[in-house]
Amino acid sequence: MAESSETVVAPSGAQLSAARKFVKAHGKPSRAVVENIGRAGTRVVMVGADGALGDVVVPSVATGEALVEAVEDLSPATWDAETVKQAKIGPEHRRKMAGK
């Protein structure tokens with residue numbers, strides 16, 4: 001399934017700024033997993049060197065990949081064992097994920 005008809009929208013200044021601030025605050029290297037979330041767009045989930053989680057929502061997978069490429073010290077990743085092990089999910093984040 002080719003996505004050649006997808007218009008690549010460059011990441012906005014605010015999206016780039018948020019990702020750069022995350023890397024600066026949570027250490028190098030940080031990892032980024034680009035996840036399609038349907039009509040809402042694509043979520044770039046970042047995992048800092050300190051284990052913190054953050055995210056930026058962009059319009060498409062191509063935009064998410066461009067964001068990761070544009071931010072120094074942000075490496076593309078998947079939810080492999082290394083990335084999962086690096087993420088430190090605390091009690092507050094668990095409550096948020098549970099909708100509480």
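For clarity, every value in this text was computed on a predicted model and none was experimentally measured.

The rules behind these values
Residues numbered from 1 in each chain as written. Predicted model: local features only at pLDDT ≥ 70, side-chain atom pairs only at ≥ 80, totals over all residues. Heavy atoms only, no water. Helix = DSSP H or I, 4+ residues; strand = E, 2+ residues; numbered from the N terminus. Expected span 1.5 Å × (residues − 1). Buried < 20%, exposed > 50% of the residue type's maximum accessible area, 1.4 Å probe, protein only. Arc of directions from axis to C-beta. Contact = heavy atoms within 4.5 Å. Core = buried A, V, L, I, M, F, W, Y, C linked by side-chain atoms within 4.5 Å. 1 Å grid on protein atoms, 1.4 Å probe; cavity = no way out; pocket = protein on both sides within 12 Å on 5 of 7 lines; lining within 4 Å. Points joined across faces, edges and corners; volume = space filled by probe spheres on them. Nonpolar A, V, L, I, M, F, W, Y, C, P; charged D, E, K, R; others polar.

Enquirer: Describe helix α1 (residues 13-26), listing the residues and the values that go with them.
Expert: Between its first and last C-alpha atoms α1 spans 20 Å; for 14 residues at 1.5 Å apiece the expected length is 20 Å, and the two agree. For α1, the full list of buried residues reads Q15, L16, A19, F22 and V23. The arc enclosing the buried residues of α1, seen along the axis, measures out at 125°, which places them on a common side. Residues of α1 that are exposed and point over 90 degrees away from its buried face: G13, A14, K21, K24 and A25. On the buried face of α1, the contacting elements are β1 (30-36), β2 (42-47), β3 (53-58), α2 (61-70) and β4 (74-76).

Enquirer: Give me the nonpolar core: which residues, what numbers.
Expert: Membership of the largest hydrophobic core comes to 14 residues, with the highest contact counts inside it found for A19, A32, V44, M46, L67, V71 and L74. Of all elements in the fold, only α1, β2, β3 and α2 reach the threshold of two or more residues within this core. Looking at this core, the element that brings in the most residues is α1, giving four residues. Excluding anything up to four places from it in sequence, V44 contacts A32, V33, V34, G54, D55, V56, V58, G64, L67 and V68.

Enquirer: Now, about the layout of surface pockets: what can you tell me, with residues and values included?
Expert: The space that makes up the largest pocket amounts to roughly 180 Å³. As for the largest pocket, its lining consists of R43, V45, L53, G54, D55, H93, K96 and M97. Here the lining of the largest pocket is built from residues that sort into three nonpolar, two polar and three charged.

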